[in-house]
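Report on the structure
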Amino acid sequence: MNLKNDHYTVFKASKHKKCDFIFLSILLATCVTLTGCGSSETNVVAGNKSGTLYWGNGTEPQSLDPQIATGVPEHHVISAVMEGLVLKDRKTLEPRPGVAKTWDISNDGRVYTFYLRENAKWSNGDAHTAHDYVWSWWRALQTTLGNQYAYMLFPIKNAKRYYDGETSDFSDVGVKAIDNRTLQVTLTNPTPYFLQLLDHYSLFPVHQATIEKFGRADERGTRWSYEGNLVGNGPYKLEEWKINRHITVTKNPYYWDEANVSINSIVFKPVDNAVTEERMFRAGALHVTSSIPADKIAIYQEKSAPELKITPYLGTYFYRLNINTPQLQDKRVRRALGMAIDRKQLVDNITKGGQIPAYTMTPPGTMGYFPESTLNFDPEAAKRLLAEAGYPNGEGFPPIEILYNTNEGHRKIAVALQEMWKNYLNIDIKLLNQEWKVYLATESAGDYQISRGGWIGDYVDPNNFLDMFLCNGGNNRTGWCNEEYDRLILEVAPSQSSHEQRLKIFQQAETILLEDMPIIPVYTYTSIKLLHPSVRNFDDNILNQAMYKDLYLDANL
Amino acid sequence: MYRFALGRILQAIPVLLAVITVTFFLIHSAPGGPFSADKAVPPEVIKALEEQYNLNQPIWQQYVSYLGDVVRGDFGPSFKYSGRTVNELIAAGLPITAELAFYAMIVALVIGLLAGIGAAVRPNTAQDYIPMTAAMIGICMPSFLLGPLLVLVFGINLEWLPVSGWGDIPGDKILPSITLGAGFAAYIARLSRGGMLEVLSQDYIRTARAKGLSETLIILKHALRGGLIPVVAFLGPAFAGLLSGSFVVETIFQIPGLGRFYVQAAFNRDYTLILGMTIFLSTLIIVFNLLSDMLAIWLNPKLRHEIKGAK
């Protein structure tokens, strides 16, 4: 058959009511042909053989400069390519030696001396010394850098004064390199959580020569932390960074503990849509997801799927009460609102992600802190309090408004609270949702009555949750100010000699906070993710933090 | 023709200026800035950041200096992706979005034209009703429904095709292209059917038939050129629409194209990125409209004469 006839045949066929099916058949045939390649081996199967971990990493990281970055996706990548003086135990989160092999703490708890490893090196082979820390922390405290985590260094003597410009001499700041291998850090007060801070990326060392090669040390937006440029000191080195596609890190041959790093490379995939991410997981494209759509949790739970991991998380979901609102100025009203929430019902029927009802701001178990609470679910007592405040059975109570950022989950919770407060207190609540940045501006300006809030701990210590509500705390935003509370947090707690004593002081402060109730704790967060069974040693911990060098992939799964 | 093109290009300048001006002042007046965050950012940090990005200058000054940069083809640094320029982000996303749009266009044209022409050749028969009903469903079905459906069937149940990515695994471009192209295929089917029906009832087609030409020749040689004018007119806006509207498909299939940056930029208040993307996409829309108009003129002798007559 010649070409002309062939064409003619096709066209004739179209005339016989088949034309539209032909293309579909061709398309289907193409699909079938391509399937051979497409489904031969999933990322997970191939990765388990080659030692490559595929990690769902939420959004595209905005920066890998540890002194500029903020956010969880950034943290995941940075902690693969950089390392601090100490690491954390993958289960207990206790400090473990990192770049520092050992350390001494003076009797008064103020002077830390770190002894760095002889074999600590940068990923380009350069020697890694104590001077790197002095320089890096100097950089971290430059205001022009715009480091949002500069306050993590404030426990160090004179760090805050230097940052605030009260002294311009960095040698006043309590960090000294005694020699190449010895770093001495002097603190203002004994700070029991100081070792933990060292594992936060804002205190990671950065490579001076690389940074200076690409710009000024205190300049933002230089290209030192990009593909081909970045020099780190972590178990992995940055291999490839394709925007919105993936970040690949591979084993760093100069890492001091290289022999114990099992996984050869990690591919971080930015997947900001939870539904897509869950589908990718099911199709074997990812070993780990960063989240899971709320309505899928029940499906995995019904099957008792081993992939579903729900772990308590160091974070509290709460509501801020603007105490400048006339009807919220009376603390009895605020307490009544706090007592008329059936948190158990909320977490069982609305959030459904294993969240834990919260009756305190600090999640229980934070550094051995199990706060007692004066708050409970007691609608009758709540009604009495509201009546005492002049609103018997809610009569005469002006309607108030709950502000939340646009999100289905937040809306459901706000609706549930609206109903509970109507049922138990007979008061009217209106709901107002705003887009994220608008909501932030409204809340910061104090232009709200009740507002949804959430706080995820930066380090495991009650201080991180309680110092939010200091009178001039940037995250307070409620208008609440209590001098005794400030004194306990700022003066009494830091001067305690033992951890137990400190916890007692925190308990006193927390009680004040709960009695006055400028915030209503709702639940303690859980981290919810899907984890392929082949990933081993990814233990549950309240920071949902993986210790990459401990992980390994079981090729048999 | 050249004069026509030149005139249109000159018209585009005030249009673009209006787009830049409106976008610039709209985004700067939106509540919340690029550096606001859940955890309070200390005022000294905000000050340092605003200085670095010249946000401490009066708004008019910012506007004028931004216009100057745009004229030089520099969209500035992204506020959110520290160290990246807007030009760089556009350059990273554009080839992918353009490729996706191109494949989607092929899908749309092949399915749309076959269905539309087939329907027009035998109007009011099953060959007309079935594809046209399908086209109606195609127009109505949003890509955020079609995409996950295709993924569910071909990706997860049948395991034939990858569910995400772009150029990572062979075959991962098929589902996104079909998802994005389907809606446009439906439009093209309806447009080509309408265009062909009109042309097929013209006198010159009757003449061709009277001359005894085969139906194939009549359609391919005589009817198509006129019948496809509505489709051609639609192609320009359609391609621009494919480029700028691929956000949903890019999100569903995890494709690192332009659309995702655009939406993230708006949420992040990444002023320079929003502006850069808006200007870039506006320019594309203008260019594609111009191209499709020129193509329509080339195809339609009537229009050509009108332009010549105007001279």
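Model, not experiment: these values are computed from the prediction. (Residues numbered from 1 in each chain as written. Chains lettered and ligands numbered in written order. Predicted model: local features only at pLDDT ≥ 70, side-chain atom pairs only at ≥ 80, totals over all residues. Heavy atoms only, no water.)

1. Let's talk about the side chain of T362(A)
Residue and element names in this part refer to chain A. Positionally, T362 belongs in the loop between β12 (356-357) and α12 (379-388). For T362, a relative accessible area of 0% gives the class buried. A polar contact is formed between the side chain of T362 and the side chain of E510, at a distance of 2.8 Å. T362 has contacts with Y369, P371, P462, F465, L466 and E510, leaving out every residue within four places of it along the chain. (Helix = DSSP H or I, 4+ residues; strand = E, 2+ residues; numbered from the N terminus. Buried < 20%, exposed > 50% of the residue type's maximum accessible area, 1.4 Å probe, protein only. Polar contact = N/O pair within 3.5 Å; in protein donor to acceptor, adjacent residues only side chain to side chain. Contact = heavy atoms within 4.5 Å.)

2. With respect to the pattern of salt bridges
Residues and elements named next belong to chain A. Counted by the stated rule, this structure contains 39 salt bridges over all chains. In this structure, the salt-bridge partner of E278 is R282, at a minimum N-O distance of 3.1 Å. Separated by four residues within a single helix, E278 and R282 lie in helix α8 (residues 274-282), roughly one turn from each other. A relative accessible area of 1% means that E278 is categorised as buried. Judged by its relative accessible area of 40%, R282 falls in the partly exposed class. Between D461 and R502 there is a salt bridge, and its shortest N-O distance comes to 3.1 Å. Taken together, the positions of D461 in the loop between β15 (450-456) and α15 (463-466) and R502 in helix α17 (residues 499-516) put the pair 41 residues apart, joining distant regions of the chain. D461 sits in the buried class, given a relative accessible area of 0%. (Salt bridge = Lys/Arg side-chain N within 4 Å of Asp/Glu carboxyl O.)

3. Describing the sheet that holds strand β6 (residues 175-179) of chain A
Residues and elements named next belong to chain A. With antiparallel pairing, four strands are arranged side by side in an open sheet as β4-β5-β7-β6. If you trace the sheet from one side to the other, it starts and ends with β4 (100-105) and β6, each paired once. Going across the sheet, the axis of each strand differs from the next one's by a mean of 20 degrees, ignoring polarity. Sheet analysis places β6 next to strand β7 (residues 182-186), joined by four bridges and oriented antiparallel. Across the sheet, the residue bridging to K176 is Q184, located in β7. Contacting β5 (111-116), β6 and β7, helix α4 (residues 130-140) runs over the sheet at an angle of about 160 degrees to β6. (Pairing = 2+ DSSP bridges. Axes fitted to C-alpha atoms, helices over the stretch in contact; angles between N-to-C directions.)

4. A short note on the interface of chain A and chain B
With 65 residues of chain A at the interface, the matching set in chain B holds 66 residues. Across the chain A/chain B interface, buried area totals approximately 5800 Å², and carbon plus sulfur atoms make up 60% of it. Counting the surface chain A buries against chain B, the share from its top three residues, I243(A), N244(A) and K437(A), is 12%. Our count for the chain A to chain B interface comes out at four salt bridges. In this structure, E435(A) and R269(B) form a salt bridge, with 2.7 Å as the shortest nitrogen-oxygen distance. The tally of links from chain A across to chain B stands at 21 residue pairs in polar contact (both at pLDDT 80 or more). (Buried area = accessible area lost by both parts, 1.4 Å probe.)

5. Details of the packing of helix α1 (residues 2-29) of chain B against helix α13 (residues 271-299) of chain B
Residues and elements named next belong to chain B. It is at 10 Å that the axes of α1 and α13 come closest, and there the two elements cross at 155 degrees. Classified by the angle their axes make, α1 and α13 are roughly antiparallel. Read as a crossing pair, α1 and α13 show a hand that is right-handed. (Parallel < 35°, antiparallel > 145°, perpendicular 65-115°, else oblique. Left-handed = near helix turned anticlockwise from the far one by under 90°.)

6. So, helix α3 (residues 72-81) of chain A
Residue and element names in this part refer to chain A. Burial of α3 is extensive: nine of the ten residues sit out of reach of the surface. For α3, the set of buried residues is P73, E74, H75, H76, V77, I78, S79, A80 and V81. If you follow the buried residues of α3, they end up packed against β1 (52-56), β8 (236-242), β9 (246-251) and β10 (265-269).

7. Notes on the sheet that holds β1(A)
All names here are of chain A. In spatial order, the strands read β1-β10-β9-β8; together these four strands make up an open sheet with mixed pairing. Only two strands of the sheet have a single neighbouring strand rather than two, namely β1 and β8. With direction set aside, neighbouring strand axes in the sheet form an average angle of 20 degrees.

8. What about the packing of helix α7 (residues 174-200) of chain B against helix α10 (residues 229-244) of chain B?
All names here are of chain B. Look at α7 against α10: their axes get within 10 Å of each other, and the N-to-C directions meet at 165 degrees. Considering the angle they form, α7 stands roughly antiparallel to α10. The interaxial crossing formed by α7 with α10 has right-handed handedness. Contacts between α7 and α10 involve L180, F184, Y187, I188, L191, S192 and G195 from the first element and P230, V231, F234, L235, A238, G241 and L242 from the second. Among the residues making up the contact of α7 with α10, the classes are represented as eleven nonpolar, three polar and no charged. (Nonpolar A, V, L, I, M, F, W, Y, C, P; charged D, E, K, R; others polar.)

9. A few points about the environment of G232(A)
Residue and element names in this part refer to chain A. Note that G232 resides in the loop between α7 (208-214) and β8. You can call G232 buried: its relative accessible area is 2%. G232 sits 22 residues away from T210 along the chain, and the two C-alpha atoms are 9.8 Å apart. Residues within four places of G232 in sequence aside, it is in contact with V81, M82, W122 and S123.

10. Section: the pairing of strand β13 (residues 400-405) of chain A
Residue and element names in this part refer to chain A. Burial of β13 is extensive: five of the six residues sit out of reach of the surface. At this point the chain moves from β13, through helix α13 (residues 408-425), to the parallel strand β14 (residues 429-434), and the crossover so formed is right-handed. Where β13 lies against β15, two bridges are found, and the strand directions are parallel. Paired with I402 across the strands is I450, a residue of β15. (Right-handed = clockwise from strand over helix to strand, strands pointing away.)

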